[in-house]
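# Observations on the model geometry
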Amino acid sequence: MKIILASQSPRRKELLERMGIQDFETISPNVDESAFHGLPPEELVRRLSAEKAAAVAGKVGKDAIVIAADTVVALEGAVLGKPADELDAFKMLSALSGVRHQVYTGVTVCRGGEKQTAHEVTDVTFRELSEREIEDYISTGEPMDKAGAYGIQGYGALLIQGISGDYYNVMGLPVCRLSGMLARFGVDCLKLAAQG
């Protein structure tokens with residue numbers, strides 16, 4: 001069974017491997033994300049994951065299973081994308097300091113004409129951050145390519161007081177939800193993991 005991950009994200013590749021899926025290809029989807037600007041976060045991630053899946057599905061055979069995802073950080077319903085520069089990262093992290101926000105990931109699995117799209121939401125609470133801490137975190141370079149200007153799996157873990165929901169969703173792939181979706185396409189992740 002051919003499995004395609006419609007992403008070049010090293011975090012998503014790692015998570016798919018952790019799910020027991022070792023044999024898969026990656027293809028980068030070509031999607032104009034600006035066309036969906038202004039949508040509510042849950043609708044945005046669902047639409048973008050579906051668009052990414054469709055873009056890659058058109059390049060592979062009908063028997064291939066395509067997995068696509070899109071993740072955004074939202075504060076009071078406003079989407080925080082990747083920071084444009086260090087000042088933008090500082091503004092985002094300052095806004096997140098001491099408050100709870102949401103991370104949304106949309107995920108789509110498709111094969112041939114069959115498609116499933118879902119989304120997961122995780123609440124993340126930052127501790128109060130000083131300006132110096134924010135500046136030091138930005139100096140690591142980690143915030144610059146991440147939605148919301150932080151990565152939970154890296155130094156960003158030092159900023160997070162707590163989470164409620166799927167940890168892996170914050171990394172960019174809701175593995176529990178995705179495994180259930182894949183099961184409907186005949187992919188048993190635990191069986192694959194057991195087979196090594």
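Because the structure is predicted, anything quoted here is derived from the model rather than measured. Position numbers for residues count from 1 along each chain, tracking the sequence in the order it is written. For a predicted model such as this one, the threshold for reporting local features is a pLDDT of at least 70, and the threshold for listing and counting side-chain atom pairs is 80 or more; totals across whole chains, interfaces and linings nevertheless cover every residue. Side-chain numbers here rest on the full set of heavy atoms in the structure, without hydrogens or water.

### Considerations on the pattern of salt bridges
Any Lys or Arg side-chain nitrogen located within 4 Å of an Asp or Glu carboxyl oxygen qualifies as a salt bridge. Under the counting rule described, the total for this entry stands at nine salt bridges. Residue glutamate 33 pairs with lysine 52 through a salt bridge whose shortest N-O separation is 3.8 Å. Residue glutamate 33 is located in the loop between β2 (25–26) and α2 (41–57), and its partner lysine 52 is located in helix α2; the two are separated by 19 residues in the primary sequence. In this scheme, a residue with accessible area under 20% of its type's maximum is buried, one over 50% is exposed, and one in between is partly exposed, where area comes from a 1.4 Å probe on protein chains only. For lysine 52, a relative accessible area of 9% gives the class buried. Among the charged side chains, a network of salt bridges with common partners joins Glu33, Lys52 and Asp70. Where helices and strands are cited, they refer to DSSP runs of H or I of at least four residues and of E of at least two residues respectively, numbered from the N terminus.

### A look at the UniProt feature "site: Important for substrate specificity" (unreviewed entry) in the protein
Mapped onto this numbering, the UniProt entry annotates "site: Important for substrate specificity" (unreviewed entry) at Arg11, Thr71 and Gln153. Along the chain, the position of arginine 11 falls in helix α1 (residues 10–18). Any pair of residues with heavy atoms lying within 4.5 Å of one another is described as a contacting pair. Excluding its chain neighbours within four sequence positions, the residues that come into contact with arginine 11 are Lys146, Gln153 and Met171. Within the element layout of this structure, threonine 71 appears in strand β3 (residues 65–75). Pairing of N or O atoms within 3.5 Å defines a polar contact, subject to two protein rules: one partner must be a possible hydrogen donor and the other a possible acceptor, and residues neighboring in sequence count only if both atoms are side-chain atoms. Separated by 3.1 Å, the side chains of threonine 71 and arginine 12 make a polar contact. UniProt positions are given in the numbering used here, feature names are shortened, and annotations may be inferred rather than shown by experiment.

### Re the nonpolar core
In summary, soluble globular proteins display a tendency toward joint burial of nonpolar side chains. The term nonpolar core refers to a set of buried residues drawn from Ala, Val, Leu, Ile, Met, Phe, Trp, Tyr and Cys, joined through side-chain atoms within 4.5 Å. Among the nonpolar cores identified, the biggest contains 42 residues, and Leu16, Ile67, Leu93, Phe126, Tyr150, Leu178 and Leu182 are the most heavily contacted of them. A total of five residues in this core trace back to one element, the largest contributor, which is β3. With sequence-adjacent residues up to four places away left out, tyrosine 150 is seen in contact with Val73, Leu93, Leu96, His101, Val103, Val124, Phe126, Tyr137, Pro143, Ile160 and Val170. Residues Ala53, Val56, Ala64 and Ala68 belong to the second largest nonpolar core, which totals 10 residues.

### Comments concerning the packing of helix α3 (residues 86–96) against helix α4 (residues 131–139)
For helices, the fitted axis covers only the stretch in contact; all axes are lines through C-alpha atoms, and the angles between them, taken along N-to-C directions, range from 0 to 180 degrees. Interaxial distance between α3 and α4 falls to 10 Å at its minimum, and their mutual angle equals 135°. With respect to each other, α3 and α4 are oriented oblique. Every pair of crossing elements has a handedness; the one defined by α3 and α4 is right-handed. Along its contact with α3, which presents Glu86, Ala89, Phe90, Leu93 and Ser94, the element α4 presents Glu131, Ile134, Glu135, Tyr137 and Ile138. Throughout, the ten residues Ala, Val, Leu, Ile, Met, Phe, Trp, Tyr, Cys and Pro are labelled nonpolar, Asp, Glu, Lys and Arg are labelled charged, and all others, Gly among them, are labelled polar. Taken together, the residues of the contact of α3 with α4 break down into six nonpolar, one polar and three charged. Under this scheme an angle from 65 to 115 degrees is roughly perpendicular, one under 35 degrees roughly parallel, and one over 145 degrees roughly antiparallel; angles in between are oblique. Take the far helix as your reference; a near helix turned counterclockwise from it by less than a right angle gives a left-handed crossing, and one turned clockwise gives a right-handed crossing.

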